[in-house]
Amino acid sequence: MAKILVTGGCGYIGSHTIVDLLDHGYEVISVDNNSRSDGNAMKGIEQITGQKIKNYKVDLCNYDDTFAIFQENTDITGIIHFAAYKAVGESVELPLLYFENNLVSLINLLKCVQEFSIPHFVFSSSCTVYGNPAQVPVTEQTPLQPAESPYGSTKQMGETIVEQFAKASGTHYILLRYFNPVGAHPSTLIGETPIGKPQNLVPAITQTAIGILPKMYVHGSDYPTRDGSCVRDYIHVCDIASAHTLALDYLLKMEGRDHINIFNLGSGNGVTVLEAIHAFEKVSQLKLNYEMGPRRNGDVVAIYANNDLARRELNWDPKMGLDEMLLTAWKWELKRKAEEQQNKQIPGLN
Ligand code: WQD
């Protein structure tokens with residue numbers, strides 16, 4: 001049974017990917033310093049799979065602590081590297097925080113890949129590497145435009161670092177370019193848990209609908225799109241997770257042979273912000289309290305994927321449509337609210 005190290009395993013995509021890896025017979029360990037996540041995801045993974053996963057609470061920016069994980073686990077076959085900060089808007093305000101965290105952690109990890117000859121490496125990249133694409137949908141061959149945010153720059157630089165390192169070290173690697181991961185595991189035992197005010201659209205919608213936020217704002221209504229709001233490619237987090245397991249299967253199967261290294265992970269459908277809001281109102285049967293607001297720095301106008309390559313090479317078949325994605329996100333928000341109310345009734349728990 002191949003042993004996989006998942007960095008950022010307590011995070012949104014990391015936790016869903018661990019569930020999928022376990023469901024497909026992989027052995028998994030996690031490293032996550034919980035700076036942007038909490039231990040609840042590990043409990044949810046255990047409840048879903050019946051397997052308790054070890055998480056090393058280590059900051060990958062600390063090389064010695066990272067190295068120690070590999071000394072303790074000399075049988076790691078592959079790494080899936082999720083751990084990074086990922087809020088486009090925040091990265092515009094705090095570029096150095098993003099460059100230091102996202103790049104130093106990656107370099108430390110690759111030093112360990114070299115030191116311990118880890119054969120397979122999957123890098124969590126992003127559609128933000130395309131910048132503002134000249135045309136959509138984008139394929140993996142679409143030329144990269146300048147990144148619109150420091151977050152996007154860290155993903156462009158990260159891809160180059162992984163590619164150049166792999167060329168020198170012979171490591172087999174895959175870059176997975178996510179579009180907009182949304183939704184939650186159908187069990188509602190794991191999901192997206194933004195810390196503080198949500199930066200991403202779907203948690204902003206569900207937190208407004210449930211009353212945590214009094215109102216939400218649509219960032220921009222004057223873009224050259226069909227309704228003036230930005231176009232994105234929303235893809236269910238479980239479909240993103242399954243692509244990671246398929247990417248590892250592909251790497252293990254292609255051992256030593258040349259293979260394709262870059263895949264778009266998107267649904268292939270472009271959806272505007274307003275269309276997502278209206279779809280949510282339909283599935284939740286609620287009227288959402290939102291207002292048109294100013295554009296947000298760092299946003300691209302429109303981007304969505306051509307996902308033919310991942311479908312063909314990885315046998316990836318994303319299943320969830322937008323309504324179902326939003327319904328799982330809403331059920332997760334409702335579950336969190338119910339749990340919070342239950343906890344309030346337990347004396348001494350607050
Ligand atoms: C989507 C749209 C906002 C909040 C994300 C991830 C990034 C990467 C790509 C994986 C934009 C608008 C948002 C709100 C709004 N994924 N919006 N009101 O910026 O596309 O990036 O997907 O790597 O990591 O962050 O996603 O959800 O922040 O924004 O109008 O309250 O929704 O302006 O047009 P984004 P997002």
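For the structure itself, look to the data block above.
What you are looking at is a predicted structure, and each value in this text was computed from that prediction instead of being measured. (Residues numbered from 1 in each chain as written. Predicted model: local features only at pLDDT ≥ 70, side-chain atom pairs only at ≥ 80, totals over all residues. Heavy atoms only, no water.)

Enquirer: Any chance you could break down the overall build of the protein for me, citing the residues and the numbers?
Expert: Looking only at helices and strands, the protein features 11 helices and 13 strands. Over its C-alpha trace the protein gives a radius of gyration of 20 Å, about what one expects of a compact globule, namely 20 Å for 350 residues. Along the longest, intermediate and shortest principal axes, the C-alpha atoms of the protein span 55 × 55 × 40 Å. The long-range fraction of contacts in the protein, counting pairs at least 24 apart against all pairs at least 6 apart in sequence, stands at 79%. Distance between charge centres in the protein, computed from 29 positive and 39 negative side chains, equals 4 Å. (Helix = DSSP H or I, 4+ residues; strand = E, 2+ residues; numbered from the N terminus. Rg over C-alpha atoms; globule rule 2.2 N^0.38 Å. Contact = heavy atoms within 4.5 Å. Lys, Arg positive; Asp, Glu negative; His and termini not counted. Charge placed at Lys NZ, Arg CZ, Asp CG, Glu CD.)

Enquirer: A description of helix α5 (residues 95-115) should follow, citing residues and the corresponding values.
Expert: Since the α-helix packs 3.6 residues into each turn, any two residues three or four apart lie on the same face. Taking 1.5 Å as the rise per residue, α5 with 21 residues should run 30 Å; its terminal C-alpha atoms sit 30 Å apart, in good agreement. Buried within α5 are the following residues: Y98, N101, N102, L103, S105, L106, N108, L109, L110, C112 and V113. Elements in contact with the buried residues of α5: β1 (3-7), α3 (63-72), β4 (76-81), α4 (88-93), β5 (120-126) and α6 (150-169). Looking one or two residues past α5, S117 carries a phi angle of roughly 50°, positive in sign. (Expected span 1.5 Å × (residues − 1). Buried < 20%, exposed > 50% of the residue type's maximum accessible area, 1.4 Å probe, protein only.)

Enquirer: Explain the packing of α3 against α5 residue by residue, including any values.
Expert: Viewed as axis vectors pointing N to C, α3 and α5 meet at an angle of 35°, and their least axial separation amounts to 10 Å. Crossing of α3 against α5: the hand is right-handed. On the side of α3, the interface is formed by Y63, T66, F67 and F70, while α5 contributes N108, L109, K111, C112 and E115. The residue inventory of the contact of α3 with α5, partitioned by class, reads five nonpolar, two polar and two charged. (Axes fitted to C-alpha atoms, helices over the stretch in contact; angles between N-to-C directions. Left-handed = near helix turned anticlockwise from the far one by under 90°. Nonpolar A, V, L, I, M, F, W, Y, C, P; charged D, E, K, R; others polar.)

Enquirer: Outline the environment of I118, listing residues and values.
Expert: Inspection of the secondary structure assignment puts I118 in the loop between α5 and β5. Exposure remark for I118: the relative accessible area of 5% places this residue in the buried category. Taking the C-alpha atoms as reference, I118 lies 6.7 Å from I76; in sequence the two are 42 residues apart. Among all residues touching I118, those that are not within four sequence positions of it are F70, I76, T77, G78, I79, C112, V113 and T171.

Enquirer: So what's going on with α3? Which residues, and what values?
Expert: Of all the positions in α3, only T66, I69 and F70 are classed as buried. For α3, the arc enclosing every buried residue in end-on projection is 95°, short of the 170-degree limit, so these residues lie on one face. Those residues of α3 that are exposed and aimed more than 90 degrees away from the buried face are D64, Q71 and E72. Looking at the buried side of α3, the elements it contacts are β1, β2 (27-31), β3 (55-56), β4 and α5. (Arc of directions from axis to C-beta.)

Enquirer: Requested: an account of the site of the ligand, with residues and values cited.
Expert: As a matter of local geometry, the ligand sits amid 21 residues, with Y151, L201, H219, R232 and D299 nearest to it. One of the backbone nitrogen or oxygen atoms of Y217 is found 2.8 Å away from a nitrogen atom of the ligand. Computed on the free molecule, the ligand has an accessible area of 680 Å², of which 95% lies beneath the protein chains in the complex. For the shell around the ligand, the elements supplying multiple residues, two or more each, are β7 (180-182), α7 (201-210) and β8 (216-219). Considering every element that reaches the shell around the ligand, the biggest residue donor is β8, with four residues. Broken down by class, the residue content of the shell around the ligand amounts to 12 nonpolar, five polar and four charged. (Near = heavy atom within 4 Å. Polar contact = N/O pair within 3.5 Å; in protein donor to acceptor, adjacent residues only side chain to side chain. Areas by Shrake-Rupley, 256 points an atom, 1.4 Å probe, with all protein chains shown as cover.)

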